[in-house]
Amino acid sequence: MAQVSFDGSAVPGGRVSRRSLLRGAAAGAGAVALPAVLAACGSGPGGDGRTIRLGSNSSDPVPKKAFAAAFAAYEKQSKEGRKVKVNTVDHNTFQENINRYLQGKPDDVFMWFAGYRMQFFAKKGLLHDISDIWGSYEGFSPALKAQSTGEDGKQYLTPYYYYPWAVFHRRSVFEERGYQAPKTLDEYTALARQMQKDKLVPIAFCDKDGWPAMGTFDYINMRTNGYEFHRRLMAGEEAWTSNEVRQVFDTWRSLLPYCQPAANGRTWQEAATSLQKKQAGMAVFGLPHPGQQFPEEEQDDIDFFPFPVINPEHGQDAVEAPIDGFLLAKKSKSLKQDKVMESAKDLLKWLSTGEAEDIYLAGDPNNIAVSDRADTSKYTALQKKAVELVSGAKQISQFLDRDTRPDFSSVVMIPAIQSFINDPKDVDGLVNGIERQKKTIFAAD
């Protein structure tokens, strides 16, 4: 579908215009109408107090069906007869319009992300504090609580699942060709060259949606400069014109000849399909992405290895493992009613249970439960390997568009990375442009 800008107009080619994003990031509450595709969300207070309106960005078939099963289970166990009315919006459209959505007429509950992107909206007063029910949650680690906590020390997110990013491949292809999982960048590059000789596209690559390539940037940065530098860069505390960042883009430029060309015109689904069809040998993805494009009988053939070492000082210490969950929208008119607020919090409390996660993961085994009360006995080999990857990490990042300001990731980094993919020669011009815009955006507060 066409991408929708903050002012509600369709943007040709599926891209969000920079002007629209700037306008949406800066707009105050009720400044302009919501995009038409989101207008149905949060359409007003519920009548009986038992209907919970939920804004969902899970538009892909597998998670959409799994969430439907989870919400149906909630309704079945509700003694008060509570119902969940789900408003599902295309994932990218939801993500790029989140500022306007939360400042307009949002649903009572909505799906979103942990970490900085949650903290950003909490700081702007767009989320309800749920610290009162967080105290009753069981099975969450201190790290999960930290990722659900705002700068004010209050909790705003009910975490639901996470999924690590790594380099995915087909086990059968590696076995047939005698490929070995590389541990270093040199080994990774050597493997890519061999795949080219074997008439395979070494690395399936895509960025039409504006976010997939961010995972590659994050890993190259964390492997080169370490997690703390990456964290400070995302927080606007490091210069994009630094030698450290230039080195990241130089390293990435050296890998582009092994990537699928024309990445800005390819969706992640298309890139994952090329891996499934054995046209490509590897792909930097999150755990859910390849699995959704592989038929059930081929699921066991999916495997991964951690992104390779670039700087031995930092090794493979950091793992990208985004956490998704549920939040309450402060500007929901329905939540001003005590009964609706009670119902919404009841839903969140149920979603925090291991039972709720078990029901969801039965339909979408491409993620990992966050609660230690969830049943892991039915995990696939791939899920178990993902748990090991994250549990062995010294640092966990949330993904570029979650670890920094949403206006910076959307307005600056999406077009910057896509520009780099199109023409990777002018790194100086690229980083100078990013730094100039970064200063303007981070100075806005």
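The rules behind the values
Residues numbered from 1 in each chain as written. Predicted model: local features only at pLDDT ≥ 70, side-chain atom pairs only at ≥ 80, totals over all residues. Heavy atoms only, no water. Helix = DSSP H or I, 4+ residues; strand = E, 2+ residues; numbered from the N terminus. Contact = heavy atoms within 4.5 Å. Areas by Shrake-Rupley, 256 points an atom, 1.4 Å probe, with all protein chains shown as cover. Pairing = 2+ DSSP bridges. Axes fitted to C-alpha atoms, helices over the stretch in contact; angles between N-to-C directions. Expected span 1.5 Å × (residues − 1). Buried < 20%, exposed > 50% of the residue type's maximum accessible area, 1.4 Å probe, protein only. Salt bridge = Lys/Arg side-chain N within 4 Å of Asp/Glu carboxyl O. pLDDT = per-residue confidence, 0-100. Polar contact = N/O pair within 3.5 Å; in protein donor to acceptor, adjacent residues only side chain to side chain.

> Sorry, what's going on with the overall build of the protein here?
Across its full length, the protein carries 20 helices and 14 strands. Looking at the protein alone, contacts between residues at least 24 apart form 77% of all its contacts between residues at least 6 apart. Accessible surface, the protein: about 18,000 Å² in total, of which carbon and sulfur atoms supply 48%.

> Hey, could you run me through the environment of Gly125 in this one?
Mapping Gly125 onto the fold places it in the loop between helix H5 (116-123) and helix H6 (131-134). For the pair Gly125 and Gln103, spaced 22 residues apart in the sequence, the C-alpha separation amounts to 9.8 Å.

> Looking at this model, I keep getting lost on the sheet that holds strand S10 (residues 302-305). Mind explaining?
By way of backbone hydrogen bonds, the strands of a sheet pair with one another, either parallel or antiparallel. Across the sheet, which stays open at both edges, the four strands sit in the order S8-S9-S7-S10 with mixed pairing between neighbours. Where the open sheet ends on each side, the last strands, each with one partner, are strand S8 (201-204) and S10. When strand polarity is set aside, the average angle formed by the axes of neighbouring strands in this sheet is 30 degrees. Across the face of the sheet, helix H9 (residues 185-197) comes into contact with strand S7 (165-170), S8, strand S9 (280-286) and S10 while running at roughly 135 degrees to S9. Relative to S10, helix H17 (residues 381-391) is tilted by about 15 degrees, and along the sheet it contacts S7 and S10.

> When you look at helix H15 (residues 338-351) in this model, what are you seeing that I'm missing?
The periodicity of an α-helix, 3.6 residues per turn, causes residues three or four places apart in sequence to face the same way. With 14 residues, H15 extends 20 Å between its outermost C-alpha atoms, agreeing within 8% with the 20 Å of an ideal straight helix rising 1.5 Å per residue. Among all positions in H15, only Val340, Met341, Ser343, Ala344, Lys345, Leu347, Leu348, Trp350 and Leu351 are buried.

> Is there a simple way to think about the pattern of salt bridges in this case?
For side chains bearing opposite charge, pairing can occur when the charged atoms are close. In the structure shown here, the tally under the stated rule is 20 salt bridges. Between Glu151 and Lys123 there is a salt bridge, and its shortest N-O distance comes to 3.8 Å. With Glu151 in the loop between helix H7 (142-147) and strand S6 (158-162) and Lys123 in helix H5, this pair connects stretches of sequence that are 28 residues apart. A single burial state applies to Glu151 and to Lys123, both of which are exposed.

> Quick question: what am I supposed to make of the confidence of the model for the protein here?
For the protein, the average pLDDT comes to 88, and 89% of its residues sit at 70 or higher. In this model, residues 1-37 is a region of pLDDT below 50 whose contacts with residues beyond four sequence positions or in other chains number 73 contacts. Long-range and interchain partners of residues 39-46, a stretch whose pLDDT sits below 50, account for 20 contacts in this model, where long-range means more than four residues apart.

> Looking at this model, I keep getting lost on the side chain of His314. Mind explaining?
Tracing the chain through its elements places His314 in the loop between S10 and strand S11 (318-320). For His314, a relative accessible area of 18% puts it in the buried group. For His314, the side chain forms a polar contact with the main-chain nitrogen of Gly226, separated by 3.5 Å. Ignoring any residue separated from it by four or fewer positions in sequence, one finds His314 in contact with Met222, Arg223, Thr224, Asn225 and Gly226.

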